[in-house]
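Spelled out, the chains give:
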Amino acid sequence: MALTCEDRFLITELIALHGHLCDSGELDRFDEVFTVDVIYDVTDFGQEILRGVAACADAGRALGDRNPVGHHVTNIVLSEQPDGRVHARSKGIGINADGTSGSVTYEDTVVRVDQGWRISHRKILARRTPLSR
């Protein structure tokens with residue numbers, strides 16, 4: 001099945017929703033973005049892989065005031081995979097309370113479930129060096 005314009009729109013909105021939920025502290029709504037059994041890979045930050053929406057919400061709460069005050073996502077590129085999944089690559093910019101910022105690349109696997117599109121796997125890669133992957 002070909003990825004439609006509507007699918008592209010819905011997936012882009014899905015990726016954007018994550019930042020809004022984080023910034024507003026609505027972590028209990030992560031099931032609107034992720035599959036229940038999501039794999040959330042933050043190993044590039046020296047952390048363990050998180051498994052499931054509850055673990056993701058708990059990790060966000062544990063960060064407390066160390067969370068960015070703003071999660072911004074941009075440069076979303078979607079590629080349909082032969083099995084119907086979608087690979088989404090995007091850039092994230094985090095603005096911290098002290099005014100510093102950081103940049104990441106999100107590598108997502110997006111799947112269609114009964115509730116619509118959801119991210120089943122997310123790997124976050126810190127951007128530490130210019131002109132590098």
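Peer 1: Go over the nonpolar core, please, and point to the residues and values.
Peer 2: With 26 residues, the main nonpolar core has Ile11, Phe30, Phe34 and Val110 as its most contacted residues. At the level of elements, α1 (5-24), β1 (34-41), α2 (53-63), β4 (86-95), β5 (101-113) and β6 (116-126) are the ones that each hand at least two residues to this core. At five residues, the largest contribution of residues to this core is made by α1. Look past the residues within four positions of Ile11 in its chain and what remains in contact with it is Leu3, Leu78, Val86, Val110 and Trp117.

Peer 1: Which residues make up the pattern of salt bridges, and what are the values?
Peer 2: Under the defined criterion, the tally for this structure stands at 10 salt bridges. Measuring nitrogen to oxygen at the nearest pair gives 2.8 Å for the salt bridge that ties Arg29 to Glu32. Connected through shared salt-bridge partners, Glu26, Arg29 and Glu32 make up one network.

Peer 1: How would you sum up the side chain of Arg118? Please name residues and give values.
Peer 2: Looking at the secondary structure, you find Arg118 in strand β6. In this structure, Arg118 is buried with no salt-bridge partner, the nearest side chain bearing the opposite charge being Glu32 at 6.6 Å. A polar contact is formed between the side chain of Arg118 and the backbone oxygen of Asp31, at a distance of 2.9 Å. Residues within four places of Arg118 in sequence aside, it is in contact with Leu14, Asp31, Glu32, Val33, Phe34, Thr35, Thr109, Val110, Val111 and Val113.

Peer 1: Which residues make up the packing of aromatic side chains, and what values do they have?
Peer 2: The tally for this structure, following the rule as stated, stands at two aromatic pairs. Taken together, a centroid distance of 5.6 Å and an interplanar angle of 90 degrees make the contact between Phe30 and Phe34 edge-to-face. In terms of burial, Phe30 and Phe34 fall into one category: buried. Between Phe34 and Tyr40, the ring centres sit 5.6 Å apart and the planes meet at 90 degrees, which makes this aromatic pair edge-to-face. By relative accessible area, Phe34 is classed as buried at 1%. Sitting over the face of the ring of Tyr106, Arg122 holds its NZ or CZ atom 4.0 Å from the ring centroid.

Rules used throughout
- Residues numbered from 1 in each chain as written.
- Predicted model: local features only at pLDDT ≥ 70, side-chain atom pairs only at ≥ 80, totals over all residues.
- Heavy atoms only, no water.
- Core = buried A, V, L, I, M, F, W, Y, C linked by side-chain atoms within 4.5 Å.
- Buried < 20%, exposed > 50% of the residue type's maximum accessible area, 1.4 Å probe, protein only.
- Helix = DSSP H or I, 4+ residues; strand = E, 2+ residues; numbered from the N terminus.
- Contact = heavy atoms within 4.5 Å.
- Salt bridge = Lys/Arg side-chain N within 4 Å of Asp/Glu carboxyl O.
- Lys, Arg positive; Asp, Glu negative; His and termini not counted.
- Polar contact = N/O pair within 3.5 Å; in protein donor to acceptor, adjacent residues only side chain to side chain.
- Phe/Tyr/Trp six-rings, centres within 6.5 Å; stacked < 30°, edge-to-face > 60°.
- Lys NZ or Arg CZ within 6 Å of the ring centre and 35° of its normal.

Everything listed here is a matter of geometry and, on its own, says nothing about what the molecule does.
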